[in-house]
Number of protein chains: 2
Amino acid sequence: MSEITRVALDAMGGDYAPVEMVKGAVDAINKEQNVKIFLVGKEELVKSELAKYTYDQERIQVVNATEVIETAEPPVNAIRRKKDSSMVVGMKLVKNKEADAFVSAGSSGAVLVGGQTLVGRIKGVERPPLAPLIPTAKGVSLLIDCGANVDARPSHLVQFAKMGSIYMEHVIGIKEPKVAIVNIGAEEEKGNALVKETFPLLKNLTDINFTGSIEARDIPYGKADVIVSEAFAGNVILKLYEGLGAVLIGKIKEGMMSSLRSKIGALLVKPALKETVKEFDASEYGGAPLLGLRGLVVKTHGSAKAKEVSNSIIQCITFKEQKINEKIMECIQAEQSSDE
Amino acid sequence: MSEITRVALDAMGGDYAPVEMVKGAVDAINKEQNVKIFLVGKEELVKSELAKYTYDQERIQVVNATEVIETAEPPVNAIRRKKDSSMVVGMKLVKNKEADAFVSAGSSGAVLVGGQTLVGRIKGVERPPLAPLIPTAKGVSLLIDCGANVDARPSHLVQFAKMGSIYMEHVIGIKEPKVAIVNIGAEEEKGNALVKETFPLLKNLTDINFTGSIEARDIPYGKADVIVSEAFAGNVILKLYEGLGAVLIGKIKEGMMSSLRSKIGALLVKPALKETVKEFDASEYGGAPLLGLRGLVVKTHGSAKAKEVSNSIIQCITFKEQKINEKIMECIQAEQSSDE
């Protein structure tokens, strides 16, 4: 049997906390043997939720944290001041090596700030990127960075490409993942100053399968496995994916209700349509890892329910078993020794 | 009767030139009285296409141009060297005030370069933005800039906001259009350096209805009428709109073909679905104007067929009749006199 992965779960973060967080934790330990969960939050509240379930009590432990960081709070202040919040207490478990990973559906800003300041970066990693999986016609692609570091420099994007490649190969299982940089044209000479400067650096790398530029149009077709982007454009891609998907599906449903004929048709296509929508639902793929930290931090959607929470926890097991952080460390150290 | 709008149409640009260009020109003069078209391209070719139609010969004139700028050519060189190309000849008609507008489905790069160097900017306009209409749940929004000026400065974005507002109010007919800047969070303190610097400038404007930041997620819902963005992110939004729409609709169709039950349903919902897809089809809305030039230049999709071409031509009529360029001039001059 492989080693146990210990996951600290923010029981208080997200729109449906603590109910769905607790349910997700119970689901995860029922599905997977090699995991232990620390449910971090207001002890009484969490325990009374937990009391609804029967589960292996050895593998869920409640850790008390009396404060909660709200979504609207300025992240830096919140992390600094709320020392007994579920977020700070949970991240400290990772920092102190009592947990391998921390999962939260709470404030993105606080997760990013806490990840950097409390958990800390792997030596040599300049900026830890947030890297969600996004659905495509062929499966999933990793979008890196989607909001952690605006105004990034070329050297940051180069590290994103390397870390993203490791993640896709060893967590998702895609051999020699195709790595591309988001650009506004396919030709090498196109782009803004950042892309023009980064392109030749990526082209020179021998340890990743760099395939050149990708236009946003081609992202949903799955033409690359790792989509490298500066955080501003990456965030725009992620958010537009969510918004446009929802609006289009809404429009289609509305269109189907427009006549008796189409209403009958709608009843017949409903199951097939549901399956399609599910394939394009980001929550199927768990949360977004913040890569390059000394431990794993995963941000799930604010609207995450038990299924996404449980998927995010299970993702942490693969991350640990595949020794992703050790691989990132080796790769970044190789980069630095070649710089000398 | 109002004045005639004279449109120079690039008969050689785009995937379906000259066939669909000529058809689009004929359709446009059949639909609208107040327009005259110069069909610019290889005379023999264009004339033999025209011979297929009966139309008011007074209102379509063929202007010979022996060269064609290809999509793959580096734009600056192409515009400089191919002096007898349909693009250069057409734009010069606008420059010399023989035409009010130039419409092309050819190379975007060449349209942008030619627009700036041959037609020229309105005095005071720093950068002419490319501003397509994109479909939303409520109608359409103007996305400005979507590819003309990467690495723009705050003062450029401020002018985009003003020009976009004038366009939406007077060409599309939306009173006091809501203007928002693309950002990665709704709060004022969020964003990259460019957005943080631009935000207070937009907030101080009294001549537009600035509503703050817009996250990409909210764009498809139509939460703003004018979406101000730096060209790189704007281009990403436009291209992702196209790609994601096509992939989602493809997936849905595929899903419907997965069982006999859903196949029957698909037949019944087909007309309603087609209507929905049409609403989200950018070609319904004609081309993208390059704003701020001394004359109008419109870029249509490379894949434009007669309908989009004809819609783009008709768009030029409204542009002229509503005196958009005069309004832009006044607005930019007011800005400059207030700077003194």
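See the structure printed just above.
Remember, predicted model here, so these are calculated numbers, not experimental data.

How each quantity is defined
Residue positions are given per chain, counted from 1 along the sequence in the order it is written. Numbering of ligands from 1 and lettering of chains from A proceed in the order in which they are written. In keeping with the model being predicted, local features are shown solely for residues with a pLDDT of at least 70 and side-chain atom pairs are shown and tallied solely at 80 or more, while totals for entire chains, interfaces and linings include all residues. Note: side-chain values were computed over all heavy atoms of the structure, leaving out hydrogens and water. Helix numbers and strand numbers start at the N terminus; a helix is a DSSP run of H or I with at least 4 residues, a strand a run of E with at least 2. When accessible area is computed with a 1.4 Å probe and restricted to protein chains, residues below 20% of their type maximum are described as buried, those above 50% as exposed, and intermediate ones as partly exposed. For this analysis, residues touch if any pair of their heavy atoms sits within 4.5 Å. Each accessible area value is a Shrake-Rupley result obtained with a 1.4 Å probe; residue values ignore everything except the protein chains displayed when judging cover. Positive charges come from Lys and Arg, negative ones from Asp and Glu, while His and the chain ends are left out of the count. Note that the charge is assigned to NZ on lysines, CZ on arginines, CG on aspartates and CD on glutamates. The least-squares superposition of copies is restricted to C-alpha atoms, and to residues with a pLDDT of at least 70 in both copies. Within 3.5 Å is the distance limit for a polar contact, defined as a pair of N or O atoms, with the added protein rule that one can donate a hydrogen and the other accept it, and that residues adjacent in sequence qualify only through two side-chain atoms. Axis lines are fitted through C-alpha atoms, for helices just across the contact stretch, and the angle between N-to-C directions can take any value from 0 to 180 degrees. In this scheme the crossing of two helices becomes right-handed for a clockwise turn of the near helix relative to the far one and left-handed for an anticlockwise turn of less than a right angle. Note that Gly is not counted as nonpolar here; it falls among the polar residues with everything else outside the nonpolar set of Ala, Val, Leu, Ile, Met, Phe, Trp, Tyr, Cys and Pro and the charged set of Asp, Glu, Lys and Arg. Only rings of Phe, Tyr and Trp enter the pairing, Trp through its six-membered ring, and a pair is recorded when the two centres are within 6.5 Å. The plane angle decides the type: under 30 degrees is stacked, over 60 is edge-to-face, the rest tilted. Look at NZ for Lys and CZ for Arg. If either is within 6 Å of the ring centre and within 35 degrees of the ring normal, a charge sits over the ring. Note on pairing: DSSP must find at least two bridges between two strands before they are called paired. For this analysis, a nonpolar core means a set of buried residues of the types Ala, Val, Leu, Ile, Met, Phe, Trp, Tyr and Cys, connected via side-chain atoms within 4.5 Å. When two parts are brought into contact, each loses some accessible area as probed by a 1.4 Å sphere; the total of that loss over both is the buried area. Note on definitions: salt bridges are taken to be side-chain nitrogens of Lys or Arg within 4 Å of carboxyl oxygens of Asp or Glu.

Draft legend 1. Molecular detail of the overall build of chain A. Secondary structure summary: chain A contains 11 helices and 11 strands in total. Projecting the C-alpha coordinates of chain A onto the three principal axes gives extents of approximately 70 × 60 × 45 Å. Each of the 340 residues in chain A was classed as buried or not, and the buried ones make up 58%. A separation of at least 24 residues holds for 71% of the contacts in chain A among residues at least 6 apart in sequence. Carbon and sulfur atoms provide 50% of the accessible area of chain A, an area that totals close to 14100 Å². The average position of the 43 basic charges and that of the 44 acidic charges among the side chains of chain A differ by 3 Å.

Draft legend 2. Highlighting the relation of the copies chain A and chain B. It takes a turn of 180° to lay chain A on chain B, together with a shift of 0.0 Å along the axis; the resulting RMSD is 0.0 Å. Taken together, the rotation and translation relating the two chain copies correspond to the operation of a two-fold axis. Of the C-alpha atoms belonging to chain A, the one lying closest to the rotation axis is found on A:G265, 1.9 Å away. Both copies contact each other with a shared surface, as 100% of the interface residues of chain A are interface residues in chain B too.

Draft legend 3. Layout of helix α4 (residues 86–95) of chain A. Residue and element names in this part refer to chain A. Burial of α4 is extensive: eight of the 10 residues sit out of reach of the surface. Residues of α4 that are buried include every one of S86, M87, V88, V89, G90, M91, L93 and V94, and no others. At the C-terminal side of α4, K97 shows a positive phi close to 60°.

Draft legend 4. Here's a closer look at the side chain of B:K82. Residues and elements named next belong to chain B. Structurally, K82 can be placed in the loop between α3 (75–81) and α4 (86–95). Polar contacts involving the side chain of K82 include one to the side chain of E73, which spans 2.7 Å. Excluding anything up to four places from it in sequence, K82 contacts E67, V68, I69, E70, E73, N77 and V88.

Draft legend 5. Structural context of the packing of α4(A) against helix α5 (residues 108–119) of chain A. Residue and element names in this part refer to chain A. Their axes nearest at 10 Å, the elements α4 and α5 cross at an angle of 35°. Note on packing geometry: the crossing formed by α4 with α5 is right-handed. Across from M87, V88, M91, K92, V94 and K95 in α4, the residues of α5 making contact are A110, V111, G114, G115, L118 and V119. When the residues that make up the contact of α4 with α5 are grouped by side-chain class, the tally is eight nonpolar, two polar and two charged.

Draft legend 6. Main features of the packing of aromatic side chains. Residue and element names in this part refer to chain A. Tallied over the full model, the rule gives four aromatic pairs over all chains. With a centroid separation of 5.3 Å and 75° between ring planes, the pair formed by F199 and F210 is classed as edge-to-face. Here the residue F199 occupies a position in helix α7 (residues 193–203), and F210 occupies one in strand β8 (residues 209–215), the gap between them amounting to 11 residues. In this structure, F199 and F210 share a single accessibility class: buried. Directly above the ring of Y16 sits K305, whose terminal nitrogen or CZ lies 4.7 Å from the centroid.

Draft legend 7. The arrangement of the sheet that holds strand β6 (residues 140–144) of chain B in detail. Residue and element names in this part refer to chain B. One open sheet accounts for five strands, arranged β5-β6-β9-β7-β8; its pairing is mixed. The open sheet has two edge strands with one neighbour each: β5 (133–135) and β8 (209–215). Neighbouring strand axes in the sheet, compared pairwise and without regard to direction, differ in orientation by 35° on average. Of the strand pairs in this sheet, β5 and β6 are connected by three bridges, and their pairing is antiparallel. Following the sheet pairing, L133 is matched in β6 by L142.

Draft legend 8. Representation of the nonpolar core. A:I37, A:L39, B:I37 and B:L39 are the most contacted members of the largest nonpolar core, which has 227 residues in total. Beyond its immediate sequence surroundings of up to four residues, B:L39 is in contact with B:L9, B:A11, B:V22, B:A25, B:V46, B:L50, B:I60, B:Q61, B:V62 and B:V63. Ranked by size, the runner-up nonpolar core spans 10 residues in total, among them A:L273, B:I252, B:M256 and B:L273.

Draft legend 9. How the structure looks around the interface of chain A and chain B. Contacts between the two partners involve 50 residues from chain A, matched on the other side by 50 residues from chain B. Looking only at chain A, the three residues that lose the most surface to chain B are A:I184, A:F232 and A:L240, adding up to 14% of its buried area. Applying the counting rule to chain A against chain B returns four salt bridges. A salt bridge links B:E215 to A:K239, with the nearest nitrogen and oxygen atoms 2.5 Å apart.

Draft legend 10. Focus on the sheet that holds strand β11 (residues 296–299) of chain B. Residues and elements named next belong to chain B. Strand order in the open sheet made by the six strands is β3-β2-β1-β4-β11-β10, with mixed pairing throughout. Two strands lie at the open edges of the sheet, namely β3 (60–64) and β10 (288–290), each paired on one side alone. Recorded for the sheet is a direction-independent mean angle of 25° between the axes of neighbouring strands. In this structure, strand β1 (residues 5–10) lies alongside strand β4 (residues 101–104), joined through three bridges in parallel fashion. Paired with L9 across the two strands is V103, which belongs to β4. The strands touched by α4 are β1, β2 (35–41), β3, β4 and β11; relative to β4, the strand with the most contacts, the crossing angle is about 160°. Where helix α5 (residues 108–119) meets the sheet, it contacts β4, β10 and β11, and its direction lies at approximately 175° from that of β11.

Draft legend 11. Structural detail: unusual backbone geometry. Residues and elements named next belong to chain A. The peptide bond linking A17 to P18 adopts the cis configuration, its omega dihedral lying at -5°. Relative to the assigned elements, P18 resides in the loop between β1 (5–10) and α1 (19–31). Even without a glycine there, the phi angle at D151 is positive, about 55°. Tracing the backbone shows D151 in the loop between β6 (140–144) and α6 (154–172).

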